[in-house]
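Spelled out, the chains give:
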Amino acid sequence: MSNYILALDQGTTSSRAILFDHDGQIVHTAQQEFPQIYPRPGWVEHDPTAIWESQLTVARQVLADRGLSAADIAAIGITNQRETTLIWDRATGEPIFNAIVWQCRRTAPLCEQLKAEGFNHTIMERTGLVTDPYFSGTKVAWLLENVPGARARAERGELAFGTVDTFLIWRLTGGRLHITDVSNASRTLLYDIRKGDWADEILARLNIPRAILPTVVPSSQIYGETDPDLFGAPIKVAGVAGDQQAATFGQICWKPGVAKNTYGTGCFLLMNTGAFAVPSRNNLLTTIAWQLGANDVQYALEGSIFIAGAAVQWLRDELGLIADAAESELVAMSTESSDGVYVVPAFVGLGAPYWDSFARGAIVGLTRGSGRAQIIRATLESVAYQTRDVVEAMREDSDLTLQTLRVDGGMVRNNFLMQFQADVLGVPVERPAIVETTALGAAYLAGLAAGYWESAAEIQGQWRVERTFEPKMSADQREALYQGWVRAVGRAKAWATE
């Protein structure tokens, strides 16, 4: 048997490659950042070549660093920033435009038009998603409308659309595979999550030809092999899931009611709802979690928070208040409270449960005594408050009470944030021994398909808690702080509306 699984984790700000062994332990990792492109306020793009080259570079690097060859890799699993949208030429593989990133708000006017028509109800019914610029569908429509000649080329079958997973698999297999898994398809605004097919009614309204769409496949299956030239010999490509679904799988949230929160650039809370697509009454998303067998589709409720770790980057890069992310923890703990200061990081609008494309960032509650420490602490606290917003909505939708919250992602190393999260939720927060659960989930999906792991039960025994944060705050204090947050959000909503 080959010794390792290679997980490719293509994120919003960097590409990573992680080698996992049979015990689900990280053997080696490599990471490379790539540039963010901001053509206008609220617009975000990536260079597709930078995405591909950074991902290929780190994949080759982890093998080279360990002296490994393609023969040592049982399979590749892929996980990706979701909703980011690419269209490329089928013949040449050349993108027709930059990738439009999930954070980009350029299609807000189109989304408002769809809502005015009442078409958002059709979209919610078919896809489980709210009508928001976050998702791929309106991005595809924008590209076909605004790139010269794109619509005619698309209708002739010359172009291919894909989210980042599709683009990477296309490149990895030398253009032989144009596929996406069900979890990524369910984030496009174009896929009927109950019927398991592209939604013709939505395609027609957005004027998107079926010819550009990828084939939808399960999340765990041997799809094909990499081009031999990339790694010296072919490697099986056997697992794909959008980053948040992969993290949910990696956190072993396999039973209804079990939830995880990933703290990355954004913050994403998913709760497994089993074989049932639970409709939300509180502006959450009903999404496909993963599909293992031919008919084994699992669903989840999701709350998507646009800005989490990106707010700490803002403190570092734009405000110059900290030298690195780790410093935010030390500064936050240097003051007993944020002294009534709230930061609402609505830099690109607000996600769940508000879905306000026109909200903008705000700092409220400032007094003459407010300083660096209060702003830094309030920024970290905003991540926990946004998470509580989502948890409250999930409780109402599912009639399930959250017992614990499993957490992962880069920000969970911040002990102040994890303790404050437990306090503001009033439930324990469990940090696993391996916090890279996004990549781990992709590895598990690929390894199951390739026979590297024999069964899900074998994987289940590998999950370990590194630390549990127990809530220490009184209920009265918790509610008072949270109500202050709710008032602060009210000041930020609809700010950019003319």
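Parameters and conventions
- Residues numbered from 1 in each chain as written.
- Predicted model: local features only at pLDDT ≥ 70, side-chain atom pairs only at ≥ 80, totals over all residues.
- Heavy atoms only, no water.
- Salt bridge = Lys/Arg side-chain N within 4 Å of Asp/Glu carboxyl O.
- Buried < 20%, exposed > 50% of the residue type's maximum accessible area, 1.4 Å probe, protein only.
- Helix = DSSP H or I, 4+ residues; strand = E, 2+ residues; numbered from the N terminus.
- Pairing = 2+ DSSP bridges.
- Axes fitted to C-alpha atoms, helices over the stretch in contact; angles between N-to-C directions.
- Contact = heavy atoms within 4.5 Å.
- Core = buried A, V, L, I, M, F, W, Y, C linked by side-chain atoms within 4.5 Å.

(A) Examining the pattern of salt bridges more closely. In the structure shown here, the tally under the stated rule is 28 salt bridges. Among the ionic pairs, R82 bridges to E83, the shortest N-O distance being 3.8 Å. Of the two residues, R82 and E83, neither departs from the other in class, the shared state being buried. Residue E430 is joined to R406 by a salt bridge in which the shortest nitrogen-to-oxygen separation is 3.7 Å. With E430 in strand 22 (residues 429-432) and R406 in strand 21 (residues 405-408), this residue pair connects regions lying 24 residues apart in the sequence. Assessed through its relative accessible area of 16%, R406 is described here as buried. Each member of the salt-bridge network shares a partner with another, and the members are R82, E83, R187, D243 and E302.

(B) Inspection of the sheet that holds strand 2 (residues 14-20) at higher detail. Judged by pairing direction, the sheet is mixed, and its six strands sit side by side in the order 3-2-1-5-14-13 without closing on themselves. Edge positions in the open sheet fall to strand 3 (26-33) and strand 13 (220-225), since each of these has one partner strand only. Taking the axes of each pair of neighbouring strands and ignoring which way they run, one obtains an average angle of 25° across the sheet. Bridging between strand 1 (residues 4-10) and strand 2 involves six bridges; their strand directions are antiparallel.

(C) Geometry of the sheet that holds strand 17 (residues 285-291). Judged by pairing direction, the sheet is mixed, and its seven strands sit side by side in the order 17-18-16-15-21-22-23 without closing on themselves. The two strands at the open ends of the sheet, each matched to only one other strand, are strand 17 and strand 23 (465-469). Pairwise comparison of adjacent strand axes, ignoring direction, gives a mean angle of 30° for this sheet. Relative to strand 21, strand 15 (residues 259-263) runs parallel, the two sharing three bridges. Paired with K260 across the two strands is R406, which belongs to strand 21. Most of the contacts of helix 10 (residues 243-250) go to strand 17, to which it runs at about 60°, and overall it touches strand 15, strand 16 (267-274), strand 17, strand 18 (297-305) and strand 21.

(D) Spatial organisation of the nonpolar core. I208, I212, Y263 and L405 are the most contacted members of the largest nonpolar core, which has 137 residues in total. In terms of residue count, the dominant contributor to this core is helix 13 (residues 372-398) (twelve residues). Not counting chain neighbours up to four residues away, the residues in contact with Y263 comprise V383, T387, L405, V407, D408, G409, G410, M411, V412, L417, M418 and Q421. Judged by nonpolar contacts, the second largest core, of 40 residues, contains W88, V164, L168 and I169.

(E) Spotlight on the pairing of strand 1. Judged by how many residues are buried, strand 1 sits mostly within the fold: seven of seven residues are covered. Two successive antiparallel strands, strand 1 and strand 2, enclose a turn made up of three residues.

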